[in-house]
Amino acid sequence: MKTASKNRDLGRTPAVDGPFKDLAAILDSMPLGFCLIDPQGVVRRTNMAFSGLFALSPDTICGKPILGFLHNEDSASFAEALADIGMNAHTESQLDIRLVQPDGVPYWVTASLSAIESGVILQVHPIGEMKQALETLQKSEMRWKYALESAHQGVWDHDFKSGDLFYSKHWKLIRGMAPDAIVDGSLDEWIANVYPADREHVLEYIRRQDEGEVEFNTFQYRERHADGHWVWIESRGASIEWGPDGKPTRIIGTDTDISKRKRAEAQLEEVTRRLLLAMDASQIGVFEANLDTGEVMRDALLLKIYGHEFAAPADQPTLLDKLLHPEDREAALTTISDGTASNRPFANAFRIIRPDGEIRHIRSSSVTFVDAEGARKLIGANWDITDDVALRDELDRARQLAEARNVELEAARTRIEYNALHDHLTGLPNRRYLDQRLEDWIAEKVAYCAILHIDLDRFKQINDTLGHQAGDTMLVHTARVLSSITKERDFVARIGGDEFLILCDSQHGQDDVIAMTDRIIDALRQPVPYEGHLCRFGASVGIAWTLDGTVDAKQSLMNADIALYRAKDQGRNRYEFFTKQLQTQIHHVKRTADEIVKGLEDGEFIPVYQPQFDARTLDIAGVETLARWKHPQHGFLAPDYFLKIAEDINALTAIDRTIAEQALRDFGRWEAQGFSIPRISVNVSSPRLRESGLIESLKRLDIPRGKLSFELLESIFLDDLDERSSKTLSDIKALGIDIEIDDFGTGHASIIGLMKLSPSRLKIDGALVKPITDTTEQRQLVGSIIDIGHSLNIEVVAEGVETRQHADILRDLGCDILQGYAFARPMTRADLEAFVRSASWREAQTLVAPPRSSRTRNLKS
């Protein structure tokens, strides 16, 4: 109860007894606010300083719960603090709370709670102004932080006195570091990441600030990023605290990533360099004029174009006016005035008279703009086009001259085109014109029914004997004949040498074409007078009919050529139509020719040997070497199959050579084996005889004398030997090689020819030998040939001895050597060697030479 009475007395301001009276007096005198709170949280006593916080009297506050005077958000933490003190006597607690004034405005105080015997003493210390200042500072710091972050600047703070080194998140981000990364701020560690070339000047900037020489520092350098590339950084630092020695103890600064700016600067520098190079290379001068002040600036190149080394700034505005050509002044200045007023880009062209009196042509391009300070300016470029103007004037003069000569050039062009398409000698279309016409034919712009390919016969003889002028006369005559016989829509051309071609209009029938061809052949057969001579030649014609539409124009042209080949092959002075059969034959010839060439390369031409026998003893007198073609598909082929084609492609010489070489090797083999073969003979063609180097190659072979004979055709060599061939034959005989005349009796050789050639042997053709078994006259003819040979000391060989009866008669007629199927057929080397070993020809019949007188009786019978 006493306790309760005492508690109630505490609630009243007046009358405080005992120790509390002294406590109340002390609290009232304190400048800070105090109040006494009982264990139930009710205010029992306040001083004036506390009640003054609420603008209330102490009586109004006492008896009320203390929580009613606190801000709702602080009530819980205050109640908790009271409870803690109630449970732990003699403890204290302090916290910042807000007291709510009667008008509802919160008031920040620091509350200190202390436990006493009868409750808790609350002491409050106003901190509103401090809280406001702190909040203002926090807002300022936040704004500063946001400003730096938005500016992408990293902040650093080096407090050397406390050793505290601070680096912001963005400072770390610039370098690729994590926001929570720990930074080693030592100079040695940091400088190791600086680009080597930048370290010297960076250290110098740092030294100057550290020594107190400068208060502010700004420098740029490169630092290695965490991923390895280099980052350009602009660092700014300010000293804010100093020591007694005047050196800074605290420096705060910012780092900015300027890599993009540096790249842009490098690109700008490159573009500027290229622009300057381009302007220098193109000799373009630049000017800039301030339209507001009248100031003009020109670069050195523009002054050079104007003929000046230097111009003072005061002379620049009037420089162009003084240089303008009087005739161009008004137009040039008007263009500048109008262009400037339009605010659009404009061009100008004018002449200037330079100080040295030289007139130069100038072209200008200009544009107006407003600079950063709001001044209106005109910028432009001038370049010297004097050389271009001179070139243009020269081109104009050339054009005028060309136009003046246009008629003449057109006429020349016409002549050139005509000459390009026509033969200069005959005036007929040439091969180029023919090709164009064939293209038109292929394109179905024109149509023809037949192609006549004409080649003159015996033209070469006229050209060679009477000269080229005579040949030209014959060609002109031929052109006139063809032009007079053909129709207007036919196309006649000379396609080279003595060859002509006619494209027959499609209106012709086949009979018309044949009749036209007959007239052409007949007309060209007639003699042509020339300087006292009557020149005779003819024409062979190949005809390709084209109306069946099975082949195109170019194939038809080839078909006409094939037909011409057949016409000349069949005797000349005639015409032949192209046929499929003819094409097949030509293809066979072409294929055979190709096979001959390949056969020579592959060694398919080999020798075979036909023995020759002494007519009386039947001993082997020699062997004739004959050529055979060992064809991979057709087997052994005789010369009749390939000889003419080989002659046409000039392959006879190669065949003769390879056969002779193989024969000589075989003969050497026989000599080594002891075979009784006295000699071998090989056939030699006319081209082989005329081959250069023949004699030298024979000398190198070192052939024993009398062991080799060359067989020459009578029809080629006896009466028509030229000087070169005669010399070759003499050289051959001088080497000990015999000459034999082959197929004697079938040509037109004379006794004089035999005497001139003086061969070792002549061979009577088998066509003369075969009938001797049937008629006395034929035996007498052969006997006469034998007698002529013997009278000229020439051995006589009979070919084509097919029976023993032929052998007997020829022996009786005095023939020296026999060769034919009666004794042996042509055979290979191996077969000949076996034949010689067997001597089988002796077993068939033994011939005994009759008395010399019996020959006369046989001839007569």
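Attention here is on the structure that accompanies the text. (Residues numbered from 1 in each chain as written. Predicted model: local features only at pLDDT ≥ 70, side-chain atom pairs only at ≥ 80, totals over all residues. Heavy atoms only, no water.)

Remarks on unusual backbone geometry
Item 1. Despite not being glycine, A55 shows a phi value in the positive range, around 60°.
Item 2. Inspection of the secondary structure assignment puts A55 in the loop between α3 (48-52) and α4 (58-61).
Item 3. Its relative accessible area of 69% is what places A55 among the exposed residues.
Item 4. Phi is positive for N343, close to 60°, though the residue is something other than glycine. (Helix = DSSP H or I, 4+ residues; strand = E, 2+ residues; numbered from the N terminus. Buried < 20%, exposed > 50% of the residue type's maximum accessible area, 1.4 Å probe, protein only.)

Points about a nonpolar patch on the surface
Item 1. Taken together, I751, I752, M755 and I788 make up a surface patch of nonpolar side chains, about 380 Å² in accessible area.
Item 2. Sort the elements by how many residues they give to the nonpolar patch and helix α28 (residues 751-757) lands first, with 3 residues.
Item 3. Position of I788 among the secondary structure elements: in helix α30 (residues 776-791).
Item 4. The class of I788 is partly exposed, set by a relative accessible area of 33%. (Patch = residues over 30% accessible without salt bridge, like charges linked within 9 Å, V, L, I, M, F, W, Y side chains within 5 Å. Areas by Shrake-Rupley, 256 points an atom, 1.4 Å probe, with all protein chains shown as cover. Salt bridge = Lys/Arg side-chain N within 4 Å of Asp/Glu carboxyl O.)

Side note on the packing of helix α18 (residues 468-485) against helix α19 (residues 510-525)
Item 1. Contact pair α18 / α19: the axes reach a minimum separation of 10 Å and the direction vectors enclose 150°. Taken together, α18 and α19 sit at an angle that is classed as roughly antiparallel. Crossing hand, α18 versus α19: right-handed. Judged by residue contacts, H477, T478, V481, L482 and I485 of α18 engage M516, R519, I520, A523 and L524 from α19.
Item 2. The residue makeup of the contact of α18 with α19, split by class, is 7 nonpolar, 2 polar and 1 charged. (Axes fitted to C-alpha atoms, helices over the stretch in contact; angles between N-to-C directions. Parallel < 35°, antiparallel > 145°, perpendicular 65-115°, else oblique. Left-handed = near helix turned anticlockwise from the far one by under 90°. Contact = heavy atoms within 4.5 Å. Nonpolar A, V, L, I, M, F, W, Y, C, P; charged D, E, K, R; others polar.)

Considerations on the sheet that holds strand β15 (residues 376-384)
Item 1. Reading across from one edge, β12-β11-β15-β14-β13 is the order of the 5 strands in this open sheet, with antiparallel pairing throughout. Taken across any chain shown, the strands that pair with only one partner, and hence form the sheet edges, are β12 (296-298) and β13 (346-353). Neighbour to neighbour, the strand axes of the sheet diverge by 25° on average, direction disregarded.
Item 2. As paired elements, β13 and strand β14 (residues 359-370) share 8 bridges and run antiparallel to each other. Of the residues in β14, the one forming a bridge with F350 is I362.
Item 3. Here helix α13 (residues 326-342) sits on the sheet in contact with β13, β14 and β15, set at roughly 155° to β13. (Pairing = 2+ DSSP bridges.)

Observations concerning the packing of aromatic side chains
Item 1. Inspection of the entire model under this criterion finds 19 aromatic pairs.
Item 2. Between F605 and W629, the aromatic rings sit 5.1 Å apart at their centres with planes inclined by 20°, giving stacked as the arrangement. Highlighted residues: F605 in strand β23 (residues 605-614) and W629 in strand β24 (residues 620-631), separated in sequence by 24 residues. In terms of burial, F605 and W629 fall into one category: buried.
Item 3. An aromatic cluster of at least three residues, connected via ring pairs, comprises W190, Y205, F219 and Y221.
Item 4. The ring of Y821 has R825 sitting right over it, with the charged end atom 4.0 Å from the ring centre. (Phe/Tyr/Trp six-rings, centres within 6.5 Å; stacked < 30°, edge-to-face > 60°. Lys NZ or Arg CZ within 6 Å of the ring centre and 35° of its normal.)

Describing helix α20 (residues 553-569)
Item 1. Relative to the 24 Å expected for 17 residues at 1.5 Å per residue, α20 spans 25 Å between its end C-alpha atoms, a close match to the ideal helical length.
Item 2. Taken residue by residue, α20 has A553, S556, L557, N559, A560, I562, A563, L564 and A567 as its buried positions.
Item 3. Remark: G571 follows α20 within two positions and exhibits a positive phi of approximately 125°. (Expected span 1.5 Å × (residues − 1).)

Observations concerning the pairing of strand β17 (residues 491-496)
On a regular strand, one side chain projects to one face of the sheet and the next to the other, so that they alternate.
Item 1. Among the 6 residues of β17, 5 are classified as buried, and the element is accordingly described as predominantly covered.
Item 2. The pairing of β17 with strand β18 (residues 499-505) spans 5 bridges and is classified as antiparallel. Considered in β18, the bridge of F491 is made with L503.

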